[in-house]
Every structure is written in C-alpha cells, then in structure tokens.
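# Summary of the model geometry
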Amino acid sequence: MPLPLRVSFSRVVGLACVLSLAGACGPVQAPGDDVPSSLETTEQPQVVALVAPGSTWRYRDTGVDPGAGWTTPGYVDTAWKEGPAQLGYGDGDEATVVSYGPSTSSRYVTTWFRKAFTVADPARVGAVALRLLRDDGAIVYVNGREVFRSNLPASGVTASTLATTTIADSAEQTWHPASVPASVLVAGANVIAVEVHQSTLNSSDLSFDLELTADVAPTTATPCWPLDLPALGTLRAAPRKVFAHYFSPYPLSLDNRDPSVDYYARNYLVPTGENSKFAYCGGFIKQRPLPQAPRASGVDYELKNFEQEVRRAAALGLDGFTYDILNHTGTHWNRLLKLLQAASNADSGFRVVLMPDMSSTYTGTDADALTAFVGSIGSVASHPAVYHLDDGRLLLAPYMADNRTPQWWASVLQALQARGISAALWPVYVKPWLAQTQTLAAQVPLYGTSTWGNRTLSGAAAQRTHPATAHGLGLQWMAPVALQDSRPKDLVYTEPNNSQTLRAMWDAAIQGGADWVQLITWNDYSEATEFSPSSGTQWAAFDLTAYYTAWFKLGAQPTITRDALYYFHRRHSTSAAPDLTQQRAPYTVVNGAAPANEIELLAFLTAPGTLEIEVAGTVQRKDVAAGIQSFRVPLQQGTPTFRLVRGGATVAAVTSAFPINDTITYQDMLYRAGGSLSCDRSPFFP
C-alpha cells in the first residue's frame, strides 16, 4: 500500500510438504468449534505418518554412485529426478518409471532414493516403524545411519553389489517391517535414503516404496505461545473482530517449486532477479513466505496453500481476511475465487471481507468502472465465505474510496441493490481519514470507517482517540495494526522502534475501544508488513498476534502461562554505508520518526526475573517484574543472545538467527525477529 500521509508509491504487482506431526500450536477444539483437525490435541499418542506410501521421492537412476554423504541431510540432491512411489520398472504398476540402463542384458545394479521429512520435537516420538517394499534388495538409512538391510550381504556393499536372492511373483509385493530407533531422528529436517539393488544384470523389474510411522505424544494446548489461547468458538463469538489484510501478489508459493529455486529465490530475493530489475536495491524483497516443500504433482497447490493460510489465521483466533482486490479478471481475481473456496474447505466460520482496491482496480470512466465493479462484486456476493453483516448486508471495505466520488459510490449501492444485493460501506483511507469520511458520509450511508495508519510510535499514539471520533459520527472503527514498513524497491522505510509501534497500535485499539482490527498485512512482503510467518520475522509477529487478539477480543489481558522471549533488531545500523556503485541511493526514512538503532528483548514473564542481552562478549542486564517487559540496548555488531534468568538459573534463552554487521553492500532496513519457545509447528504445514 502507499506509505500513508507523507509519500505515495505505486505497488509492483506484476508476477512472472512438510508432513504433519501430532500435537498443536493452536487452540484446543471445543464443541461447535470449526478448527483444523491438525490443531486438536489427543489424550493418547497418535500413530503419525512421517513418510506415507506413495510419497514423492528424489531418485538417481544413472547407475553412477552418488558419492560420499549421499545418505545425509546435507547432501545436495536438487539435480536428482523426482516422482511418486511406487518407483521402478517392468511390472506395469509403477507410478514413476525409472531408467534401467543401456540395455536389457546390462541393467544398472543400484538405484538410489532420498526423501526429506520433518520432526518438530523428537522427544515426543516413541516407537518408529518402517515398512519396505523392495525388489530385489535394499539398505535404508535415516540421517546417514543405517536402520534396515534386506536381501543384501551383511558388509562390503558397493554400487555393483548384487542382491543375495532374486525376488519374484507375490514376493515382489511383500512389505517388510522393521523397527527404527527414535534416536536417529533430529528436530527439524530429516532425510531417509534407500539404495535398491538388483539380483542380476538382466533382471526384468525393479520395485520400491516405503512407509515410516511414529508414535507421537500429544503436546499441551498452545506451547507456541505465552498464553493458553481460548477456544476458537469463544474468540469468534466476541463482538470485536480481527481480520488480516491479504495481498494476493505474494501467496505461499508462486510456482510450487523447491524454495531454494522457486520464483521468490530466483527473482525477488536477489539483485539479479527478473533480469537484474532490482539490482539497484539488492533485491525486490528482503524476506519471503516461510519456505515449505512443494505440493505433489497434480495437486492444485494454490488451493491447498490457501487452505493452509486459512488454517494458520484461524489458529490465532482471527475472523478472516480482508482481501485486496487488485483486478476483476485474471490472476488476482482468480486467487480471490480460490481463497473463497479454500475458506469453505478449511474453516466454515472463516470470512473474507471484500476490499476493492480503488488505487489500481476499476479504472476508466465512471460508467466503465461501475459496470466492472458491480459485475465482479455481484458475482461473488453470495459466496458463503464472503463476509456479511448480521443484518445480511454485504460489507465492502474499499481501499482509497476517495478515488471515486460520493456520487459514484451512491450509484454502486443502487446498482447492487437492483441486483438484489444490499451492501454497506466501510472505507479505508490513506489520506486524513476524518475529512474523507465526512465528505463521503454526507451523501452515502456508511457503516464504519478506517485508516491505513502510520507505522510510527507517535502515529500509533494518535490512533487512540480515533474510535471515539468515529463513534461520534455514528460509525464503527477498524483500527490498523502493523509491525513495520520497509520498501526496498522505493529505498524508503518507516521507523517503528523495534516492537514498540506494534504494541502501541494494539494498545490504541484495545484501550481506545475499536470495534475491529485490521492486521496490515498478512503477507505483503514487498512492504515488510507481514504477520504470516516469514524468513525475516520467523514466527514472532504471528505468535504475538495470538496474545493480542485474545486481549482485544475478550477485553481482558490474558494470563501469561509460560515464559517467552522475543527479539527484534536490524542486521545493521541505519547509518551503515552501502556501496553506492551497487545501490542507487541510500534509504530515506519517512513518516516523521527518526532512525533508531536498538536491540530489543520483549519478554512475557510468569514471574519476576532478570533479562540479559549478550553481544560480542558484553552482557547487559535488567531486573524486571512479571508481565510484558521490553529491554532495549544500543545496536552493536555481533550475534545477540537473549536470556531470562531466575533464581540464578537460565530458564529461557534464544540466540538471534541474524548476525549484525555494518559492513554492507546493500542496505536492509527490515527488522528481523525470533522467539524462544520451542514447539511443534507441524500443524501449520498441512
């Protein structure tokens, strides 16, 4: 969105699995709640498929030994082919046919397979069971350690070693079970690797498939967060609503490729992307959606990813998304249609507020714009996932409504009514909202009003009086809440003072009496405003949203049930000098707040303690009471470590994932963030 009040820039909108473990990082399901099953907790351990039969595997069918380390997680297998099991040849039941070599009388002896899978918390894993389908012999490794050998010599196996016996007839479809020690698993990424050997050089067939399951113990209700989040049904029943602004140019994936080579990696994160289009700023964005494995071939990956985003938002207690409608045909319109379908599929209570973007959509003459607006909005108005007020009216929240006259808006409402669609307006303004609201409200009935907001401490403080002002006009108020705003493509940034502006905006909404909150944004990585987990802010903004959403909706500060530490800092000082032979010009700070250079430790504490920030061997400490505490120290080079000490013992700690270094080529004004709570995030990767 344009930077509010001070400066406006057009947006660039042209665009060229991890398997779930049991447990929850979201709310516990209560009767009547419609939440993802992956967020439910259970009393007994569950059998979870770490690798399911028919999974997609990377494979090497060249007959050439892949070399040392091919069984380990660090081995680079991106050049290997990929396909779903059953893999093999000769039987006609293969999902993926692999090569057997130069001739039927001299086939490759060995074919190699690899697959990554994720384990969030190995301590919760009990028995691990393996089932292997192999023809003829095989060795299975997990993270480089052999865990099962079948129909091969006990030692001395090389790429040319033949299987001990020939497998034929019904034995070719036999699954061979084995137990795997849970100790081979590690937190995060794991790799299972298999080598399959033929028994003769003229063997007529090869078969391979595998299943890996584990008994996984349940977690506590919401170990990802400093609170135990109330049930989704309780949060959704509250009169106050929280919606996150969805910006369609940046879904979880643009091409369903491996994150190391997908469109984000190749074109948006690097200076050479899109034919060096962003060389002047070092890359279009400085962070991306949290990387995830590609969806299987043949799956509508966009739909599945939208379902995933709906589930993530619902896990926080959100009511839905406000969808920025960037066009009424083509890519961004089609993504709206898929998001609506995904909402219906994933969460029947999740709603999408239509936000026509009047800065970029519905252009042309008043008549042309009216026809396009009414036609497109009318086509989705009755969708069950589209938000309607309790009285049945369709709610429209146009962004920059002042780009069309009040008379035009009156015509829109009349034209929709003629189609049997009763609608209400809740505009969101970039210009000073009060004057714009009064101008529109003089001729068109409004339901509410809002502003895009100013991402500064002073701007946040000013918002505290806005709800009362709107209520004085007889209107509802939707408060903006944002973490930061940094735009590499424009070489500008706003200073939010670590997490201070975010917390001040929540305070303005809570204490000021706002009716709704709009999180700005869920996923606009080009402006660094995302609350969705990303490579830059990780899960920090996402996790804080759970706490503040419960506070806003229920009107009382939630009890802190577990100690949690969050950090916020940039990767270099705002005064660090870029290479101006590479970067076109230094960044400019906008919207009135002066640059700040601090490292912040934001702590949620169940009891008093001592906060510590250590950088480059220097430790600074602060004794604090229980509750939410912010400890800030001057930014300095090094990798910060953050600790909570209580009773002489460290009870929580986290080291930043982002070293601070003032020797730079390109400036990067994005605040990085992270947290200390270790929990099972796999329910957020369905």
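Residues numbered from 1 in each chain as written. Predicted model: local features only at pLDDT ≥ 70, side-chain atom pairs only at ≥ 80, totals over all residues. Heavy atoms only, no water.

## Observations regarding helix H6 (residues 366-380)
Here is the rule: Helix numbering and strand numbering both begin at the N terminus, where a helix is a DSSP run of H or I of at least 4 residues and a strand a DSSP run of E of at least 2. Expected span, for any helix, means 1.5 Å times one less than how many residues it has. When a residue's accessible area, from a 1.4 Å probe over protein chains only, is under 20% of the maximum for its type it is buried; when over 50% it is exposed; and in between it is partly exposed. Any two residues having at least one pair of non-hydrogen atoms within 4.5 Å are treated as being in contact.
Here H6 is 15 residues long and its end C-alpha atoms lie 22 Å apart, about the 21 Å a rise of 1.5 Å per residue gives. Looking at H6, one finds that the buried residues are Ala369, Ala372, Phe373, Val374, Ser376, Ile377, Gly378 and Val380. Taken together, the buried residues of H6 touch strand E14 (320-325), helix H5 (330-346), strand E15 (351-356), strand E16 (394-396) and helix H7 (406-418).

## Focus on the pairing of E14
Basically, it comes down to this: When DSSP finds two or more bridges between a pair of strands, those strands are recorded as paired. Assignment of crossover handedness uses the view with strands pointing away from the viewer, where a clockwise path from the first strand over the helix to the second indicates a right-handed crossover.
Here E14 lies mainly inside the structure; six of its six residues are buried. Relative to E14, strand E13 (residues 241-246) is paired through four bridges, and the arrangement is parallel. The residue bridging Phe243 from the neighbouring strand is Gly320, located in E14. Examined bridge by bridge, E14 and E15 share six bridges and lie parallel to one another. Bridging from a neighbouring strand, Phe321 pairs with Val352 of E15. In this fold, E14 hands off to H5, which returns the chain to E15; that crossover is right-handed.

## Considering the nonpolar core
To keep things clear, this is the line we draw: Residues grouped as a nonpolar core are buried Ala, Val, Leu, Ile, Met, Phe, Trp, Tyr and Cys residues, joined through side-chain atoms within 4.5 Å.
Among the nonpolar cores identified, the biggest contains 113 residues, and Trp409 and Trp506 are the most heavily contacted of them. Ranked by residue count, the leading element in this core is helix H12 (residues 540-554), at 10 residues. Not counting chain neighbours up to four residues away, the residues in contact with Trp409 comprise Met358, Phe373, Pro398, Ala401, Arg404, Leu425, Leu440 and Val444. Listed in part, the 34 residues of the second largest apolar core include Val98, Phe113, Val184 and Val194.

## Points about the packing of aromatic side chains
Put simply, the rule is: In this analysis, rings of Phe, Tyr and Trp, with Trp reduced to its six-membered ring, are considered paired at centre separations within 6.5 Å, and the interplanar angle assigns stacked below 30 degrees, edge-to-face beyond 60, and tilted for intermediate values.
Counted under the stated rule, the structure contains 42 aromatic pairs. When the centroid spacing of 5.6 Å and the interplanar angle of 85 degrees are considered together, the rings of Phe373 and Trp408 count as edge-to-face. One end of the pair, Phe373, is in helix H6; the other, Trp408, is in helix H7, with 35 residues separating them in the sequence. Pair check on accessibility: Phe373 and Trp408 agree, each one buried.

## A word on the confidence of the model for the chain
So the rule is basically this: How sure the predictor is of each residue is captured by pLDDT, a score from 0 to 100.
With 92% of its residues at a pLDDT of at least 70, the chain reaches an overall mean of 90. Low pLDDT, under 50, characterises residues 1-43; the predicted model gives this stretch 157 contacts beyond four residues in sequence or across chains.

## Quick word on the state of the cysteines
For the record, the criterion: To count as a disulfide, a pair of cysteine sulfur atoms needs to be within 2.5 Å.
Here the structure, examined in full by the defined rule, presents one disulfide. Between the sulfur atoms of Cys224 and its disulfide partner Cys679 the distance amounts to 2.2 Å. Handedness here is read from the sign of the S-S torsion; for Cys224 and Cys679, about 95 degrees, the answer is right-handed. Here the residue Cys224 occupies a position in the loop between strand E12 (206-216) and helix H1 (232-237), and Cys679 occupies one in the segment after strand E32 (672-675), the gap between them amounting to 455 residues. Side by side, Cys224 and Cys679 carry an identical accessibility label, which is buried.

## Here we look at the sheet that holds strand E25 (residues 588-590)
This is how it is decided: Here an axis means a line fitted to C-alpha atoms, over the contact stretch when the element is a helix, while the angle between two N-to-C directions is reported on a 0 to 180 degree scale.
Here three strands make up an open sheet; going across it, the order is E21-E22-E25 and the pairing mixed. Here the strands that pair on one side only, and so sit at the sheet edges, are strand E21 (485-487) and E25. The mean inter-strand angle of the sheet, taken between neighbouring strand axes irrespective of direction, is 20 degrees. When E21 meets strand E22 (residues 492-494), the two strands line up antiparallel, connected through three bridges.

## Thoughts on the pattern of salt bridges
Stated precisely, the cut-off is as follows: The term salt bridge refers to a side-chain nitrogen of Lys or Arg lying within 4 Å of a carboxyl oxygen of Asp or Glu.
The final tally for this structure, using the stated rule, is 33 salt bridges. In this structure, Asp347 engages Arg236 in a salt bridge whose closest nitrogen and oxygen atoms are separated by 2.7 Å. Taken as a pair, Asp347 in the loop between H5 and E15 and Arg236 in helix H1 lie far apart in primary sequence, 111 residues in all. Here Asp347 and Arg236 have matching classes, each one buried. Across the salt bridge formed by Glu307 and Lys304, the nearest N and O atoms sit 3.6 Å from each other. Placement of both Glu307 and Lys304 in helix H4 (residues 301-315) is noted, with a separation of three residues, approximately one turn of the helix. Several salt bridges share partner residues, and in doing so they unite Arg58, Asp77, Arg114 and Asp258 into one network.

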